[in-house]
Amino acid sequence: MLSKGLKRKREEEEEKESLAVDALWLDPGHAAVAQAPPAAASSSLFDLSVLKLHHSLQQSEPDLRHLVLVVNTLRRIQASMAPAAALPPVPSPPAAPSMADNLLASSDAALSASMASLLEDLSHIEGLSQAPQPLADEGPPGRSMGGAAPSLGALDLLGPATGCLLDDGLEGLFEDIDTSMYDNELWAPASEGLKPGPEDEPGKEEAPELDEAELDYLMDVLVGTQALERPPGPGR
Amino acid sequence: CVAVVTTRHLRSAFALDSNSYVADIISTVEFNHTGELLATGDKGGRVVIFQREPESKNAPHSQGEYDVYSTFQSHEPEFDYLKSLEIEEKINKIKWLPQQNAAHSLLSTNDKTIKLWKITERDKRPEGYNLKDEEGKLKDLSTVTSLQVPVLKPMDLMVEVSPRRIFANGHTYHINSISVNSDCETYMSADDLRINLWHLAITDRSFNIVDIKPANMEDLTEVITASEFHPHHCNLFVYSSSKGSLRLCDMRAAALCDKHSKLFEEPEDPSNRSFFSEIISSVSDVKFSHSGRYMLTRDYLTVKVWDLNMEARPIETYQVHDYLRSKLCSLYENDCIFDKFECAWNGSDSVIMTGAYNNFFRMFDRNTKRDVTLEASRESSKPRAVLKPRRVCVGGKRRRDDISVDSLDFTKKILHTAWHPAENIIAIAATNNLYIFQDKVNSEMH
């Protein structure tokens, strides 16, 4: 299974990476641990937190508690590094190109972009009619290049939709759709409330390769099963 | 602590290969209401139930030890095709239902699905049928000259387990707790953002009673970490958060309990403030006392006792491993700071227990204010040996058997512990080993 293999691999990589850095941090001779000046320590903690955030978001299903705690810690570190700039979740355009402001801008952009991706991922889980953003291909830093405003715009767009299409009305939404394709035994029961509707078709422009590969795989699985069920005959 | 203890460490009955090793990690431990049964769940979705042997006068040393009673596969890994996600089979929590007839029932849950299992015994079978012979074949009627009444004859005990209810599709996020209500009819399940109330007999719907999901996910700053029903008041429950707060809710007040009745929160200690203050304040477990008057919480460095009548601060705080306070940076880096330890009360609510690293676990006597550190490992515990108290030294004078902080093994964590509801018997899960310690002598903690 695609995702199963991917997930295990990522976990292994994470373990290796954290073990390697672990050795570094726990080394009593390591300057950063003991005697680093506060600014340098904050900065490396900041980098570490961003790294953790990135790792967390790359999981197929991020641990929400871990994610929230890392983000909150990142905000604290951020606040201590640039106390002059206020700490709004909505980033304002950077005033002067000082290092702190750049850090703030990029980290806020990274934060809102990462939150945007989290929101979109979770919206997808809730069955909303928005194209799911594949996190593997485009990590948050990639999308933050456009600046904070566009991603906020995307969030605003998703906002009202989130409010309308929560939870209970899902079954009614999909009543008209022909679900015979999904009545196959292979589909996990948990997917019952989350059948994608035709609204899912447009908007899948980003990273088409991944989605096509997914669809191909799913079609292969379906065709393979139907071939098994059908008695052998000519052609096909 | 000079309690005399016996130890049994029990490994999985299955052969060890690379899959089994991971699958054997114990993920939850729970005694039933009488303490006769002890259930464990593991990462492979299996449940193993142990039963306490009745005390026997013939072999006084083996009185009341636990043996395997039943093993079954509770959850299987699932693949959600639409989300391209694997749903882990790991058992997050097991809760026993109060026993209402000869059968035992328990709820077990993974990240998404809760299941109700019924455990029954069969130790008799009918013999002496008129129409069938002993192998079950139909008899030739001409050979039957008289009628007999079939009698029940004893047979080897057979324990049968069957899934009675499957409560699925109730949670978008990962389930962290389940709790059976004292009304014995309902139970609740909590995930990161929502808590649902279920009826034990109804699987196709549940009531959402808490929802802390913000309208804009970018505003998400807090998640639910644990929840539990009050042991006596069926309308009250508590849930804890990643910010270290506890909310006591009354289901009589409103259908949606987003507004708490009481908020328990300790103000941050300014002298201990650091970047990691919030992470270490995140509550990993909350347990009501048996009396129902107190709550016990576990955060990264402490266990706290709260009085339901006082919201401003806990009435007691115990340091589990304060020597880690100066190591928070490394523990953040290797993610150990996110470990979720559980906590437990003893039957009389006078002693509390929680796990730590290096296979250590700690017990605190609330009356004498004494505490002890013990170790759960095969090296340091022979069967029927007395458990020796351990000490972690933080520099300064070091005694012979002390362990230094730097040589603690952070991969050996005791996250799951349970205390027998009435007696001094504790179950400790150390990765893939289960230890059961019993206090034979009526001794007090020193």
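Residues numbered from 1 in each chain as written. Chains lettered and ligands numbered in written order. Predicted model: local features only at pLDDT ≥ 70, side-chain atom pairs only at ≥ 80, totals over all residues. Heavy atoms only, no water.

In the annotation of an unreviewed UniProt entry, chain B is listed under the name Serine/threonine-protein phosphatase 2A 55 kDa regulatory subunit B and assigned to Saimiri boliviensis boliviensis.

Going by what an unreviewed UniProt entry lists, chain A is known as SERTA domain containing 1 and is assigned to Saimiri boliviensis boliviensis.

> Teacher, can you tell me more about the overall build of chain A here?
Across its full length, chain A carries nine helices and zero strands. Starting at the N terminus and ending at the C terminus, chain A contains elements arranged as α-α-α-α-α-α-α-α-α. For chain A, the proportion of its 236 residues judged to be buried stands at 35%. Residue pairs at least 24 apart in sequence account for 65% of intrachain contacts in chain A once pairs closer than 6 positions are excluded. Of the roughly 13400 Å² of accessible surface on chain A, 60% is carried by carbon and sulfur atoms. (Helix = DSSP H or I, 4+ residues; strand = E, 2+ residues; numbered from the N terminus. Buried < 20%, exposed > 50% of the residue type's maximum accessible area, 1.4 Å probe, protein only. Contact = heavy atoms within 4.5 Å. Areas by Shrake-Rupley, 256 points an atom, 1.4 Å probe, with all protein chains shown as cover.)

> What exactly am I supposed to notice about the side chain of Thr373 of chain B here?
Residue and element names in this part refer to chain B. Structurally, Thr373 is set in strand S27 (residues 371-375). At 2.9 Å, the side chain of Thr373 forms a polar contact with the side chain of Arg362. Filtering out sequence-adjacent residues up to four positions away, Thr373 remains in contact with Phe360, Phe361, Arg362, Lys388, Pro389 and Arg390. (Polar contact = N/O pair within 3.5 Å; in protein donor to acceptor, adjacent residues only side chain to side chain.)

> So what exactly am I meant to see when it comes to helix H4 (residues 64-81) of chain A here?
Because an α-helix packs 3.6 residues into every turn, residues spaced three or four apart end up facing the same way. All names here are of chain A. Here H4 spans 25 Å end to end across 18 residues, near enough to the 26 Å set by a 1.5 Å rise per residue. The buried fraction of H4 amounts to 14 of the 18 residues, a majority that puts the element mostly inside the structure. The N-cap residue of H4 is Asp63: its side-chain oxygen and the backbone nitrogen of Arg65 are 3.2 Å apart. (Expected span 1.5 Å × (residues − 1).)

> What am I meant to see in the pairing of strand S16 (residues 224-229) of chain B here?
Remember that side chains alternate between the two faces of the sheet whenever the strand is regular. All names here are of chain B. A large share of S16 lies buried, amounting to six of its six residues. Here five bridges tie S16 to strand S17 (residues 236-241), and the two strands are oriented antiparallel to one another. Across the sheet, residue Ala226 finds its bridge partner in S17, namely Ser240. Hairpin connection from S16 to S17: six residues lie between these consecutive antiparallel strands. (Pairing = 2+ DSSP bridges.)

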